[in-house]
Amino acid sequence: MAPDSQPPPSGENPGPSRQRSIFISGLGGRKPRIPIDHERLESEAKRIMSAEGFAYVAGGAGTESTVRENRAAFERWRIVPRMLRDVSLRSSSVELFGRRLPSPVLLAPVGVLEMAHREADLAVARAAASLNVPMVFSSQGSCTMEACASVMGDAPRWFQLYWGRSNELAASFLRRAEACGCEAIVLTLDTSMLGWRPRDLDLGFLPFLRAQGIAQYTSDPVFLAALEEVQETEAPGPRPPLTPRTLLAALEMASYHPGSTLRNLRSGRARAAVRHFVATFSRPSLTWDDLSWLRDQTTLPLLLKGILHPDDAREAVGRGMDGLIVSNHGGRQVDGALGALDALPGVVQAVEGRVPVLFDSGIRSGADVFKALALGARAILLGRPWVYGLALRGEEGVAEVVENLTAELDLTMGLAGCRSVNEIVRETVQRVMPGAR
Ligand code: FNR
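Residues numbered from 1 in each chain as written. Predicted model: local features only at pLDDT ≥ 70, side-chain atom pairs only at ≥ 80, totals over all residues. Heavy atoms only, no water.

Participant: Could you clarify how one ought to interpret the overall build of the chain in this entry?
Facilitator: The helix and strand tally for the chain stands at 18 helices and twelve strands. Relative to the 2.2 N^0.38 estimate, which gives 22 Å for 437 residues, the radius of gyration of the chain is 22 Å and therefore close to what a compact globule would have. Principal axes of the C-alpha set define a box for the chain whose edges measure 75 × 55 × 45 Å. Among the 437 residues that make up the chain, the fraction classed as buried is 53%. Considering only residue pairs separated by 6 or more positions, the chain has 75% of its internal contacts joining residues 24 or more positions apart. As displayed, the chain offers around 19700 Å² of accessible surface, 54% of which is attributable to carbon and sulfur atoms. The average position of the 49 basic charges and that of the 49 acidic charges among the side chains of the chain differ by 4 Å. (Helix = DSSP H or I, 4+ residues; strand = E, 2+ residues; numbered from the N terminus. Rg over C-alpha atoms; globule rule 2.2 N^0.38 Å. Buried < 20%, exposed > 50% of the residue type's maximum accessible area, 1.4 Å probe, protein only. Contact = heavy atoms within 4.5 Å. Areas by Shrake-Rupley, 256 points an atom, 1.4 Å probe, with all protein chains shown as cover. Lys, Arg positive; Asp, Glu negative; His and termini not counted. Charge placed at Lys NZ, Arg CZ, Asp CG, Glu CD.)

Okay, structure coming up:
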């Protein structure tokens, strides 16, 4: 039996069983608490999130043309169902870096989750572990990777690195990730600077300036040691106007920083941490040659996230990377960049099967997962949808969003004539031009 064609252990396919339980609850007048339809999921989340929180999650760069293009790219591909193929037993299980996963789905790294739910990354870690779906801890987590790992048992987890000014800090992050059981490292390349995001700019809101989303830094011995040294020397930069709002922001900042809020306020440590983070977060000077240093820091599989050009894909494989993630960061970085799905076939072709190619940006349904796999992705990372689930119902919301996605994937596979993910080949989809007849 091919490695990716194992039937589900219980013999029960997840699609029909999830459908059944939803419809049976419906008989008793109970509707799903987490909307199945993506647009409703997003609008319900918008209703309960703060304006700033929703803008941060939903927003994209510039005119958001790439956010739209990510979806349009999916519309240009159509599934071609095949009949009479005995699809009574199906499995969407895949193997990735030696670990068998229940489905080709991981949770994309998403920072500043406290803007969605007060339990933030911890709720996500519990949900991911309950489903055995890998969670990719973000460098911009609202909870430390150690705290997340402590609620996950031996469920799979990866770590996503933003490689800033300090190699010592990057190395420290990697050591911590290894110590808390991460099974792969994802280096995100497309955020060498923050993209131009009008929704956040119009609200004048950047969470990091309030000490949100910097928990990995404020818990790191290298970052804290550097903080002691630089506190005196770092240029303070422009100061915000002194208004009641600024005072509130200072209070908020002090409360997010580890330790007592009052002491943080008095010592100015929270402010110093934010300032140091802002000064050192990004490193636009990185080049391909720098990768060899990172490669030497860990024996874990190393994946590059944000690859869109076939030449970059070849370069990455040539430099010993273990995997690629085709992604445009959900359209949050370069407005006008191509839809991520349009970049996938070229990258897959360039890699020639030497390393697994993963995909994110625009996945909203099980049918989307099918299309990405058909175009050569080994697995996909789900982004905004589970963040909306988190906003609506914490851990349960994340789990429901993922379960709905994998249920739909199972049904799509069966209805298209595929029993396992390795039967989702290129011929199962066709490119169409919108409007063409
Ligand atoms: C992200 N993404 C992201 N990526 C990353 O490598 N590190 C991070 O900290 C974050 N943070 C983050 C925050 C928010 C609010 C969003 C929406 C996204 C990008 C993420 O991993 C993924 O690439 C996109 O979410 C995929 O696009 P869709 O499917 O969400 O549209």
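Structure shown, so let's carry the discussion forward.
Participant: Teacher, can you tell me more about the pattern of salt bridges here?
Facilitator: Side chains that carry opposite charge are capable of pairing whenever their charged atoms lie near each other. For the coordinates displayed, the defined rule picks out 26 salt bridges. Glu252 is the partner of Arg210 in a salt bridge, and the nearest nitrogen-oxygen pair spans 3.4 Å. Of this pair, Arg210 sits in the loop between α8 (198-203) and α9 (215-218) while Glu252 sits in helix α11 (residues 244-256), placing them 42 residues apart in sequence. Since its relative accessible area comes to 25%, Arg210 is described here as partly exposed. By relative accessible area, Glu252 is classed as partly exposed at 28%. (Salt bridge = Lys/Arg side-chain N within 4 Å of Asp/Glu carboxyl O.)

Participant: Honestly, the packing of aromatic side chains in this entry has me stumped. Any pointers?
Facilitator: Geometry of an aromatic ring pair is reported as the spacing of the ring centres plus the angle between the planes. Across all of its chains, the model carries twelve aromatic pairs by this definition. Taking the centre distance of 5.6 Å and the plane angle of 45° together, the rings of Phe208 and Phe277 count as tilted. In this pair, Phe208 sits in the loop between α8 and α9 while Phe277 sits in helix α13 (residues 269-280), placing the two residues 69 residues apart along the sequence. Accessibility expressed as a relative area gives 9% for Phe208, which makes it buried. For Phe277, a relative accessible area of 4% corresponds to the buried category. Judged by centre distance (4.8 Å) and plane angle (75°), the rings of Tyr217 and Phe277 are edge-to-face. (Phe/Tyr/Trp six-rings, centres within 6.5 Å; stacked < 30°, edge-to-face > 60°.)

Participant: Mind showing me how you'd approach the pairing of strand β8 (residues 302-307) here?
Facilitator: Strand residues, when the strand is regular, have side chains that alternate between the two faces of the sheet. In terms of burial, β8 is a largely internal element, six of the six residues being buried. Here four bridges tie strand β7 (residues 185-188) to β8, and the two strands are oriented parallel to one another. Note that in β8 the partner of Ile185 across the bridge is Leu302. Here β8 runs beside strand β9 (residues 323-326); their pairing, made up of four bridges, is parallel. Bridge pairing in β9 links Lys305 to Ile325. (Pairing = 2+ DSSP bridges.)

These values are about where atoms sit, not about what they do.
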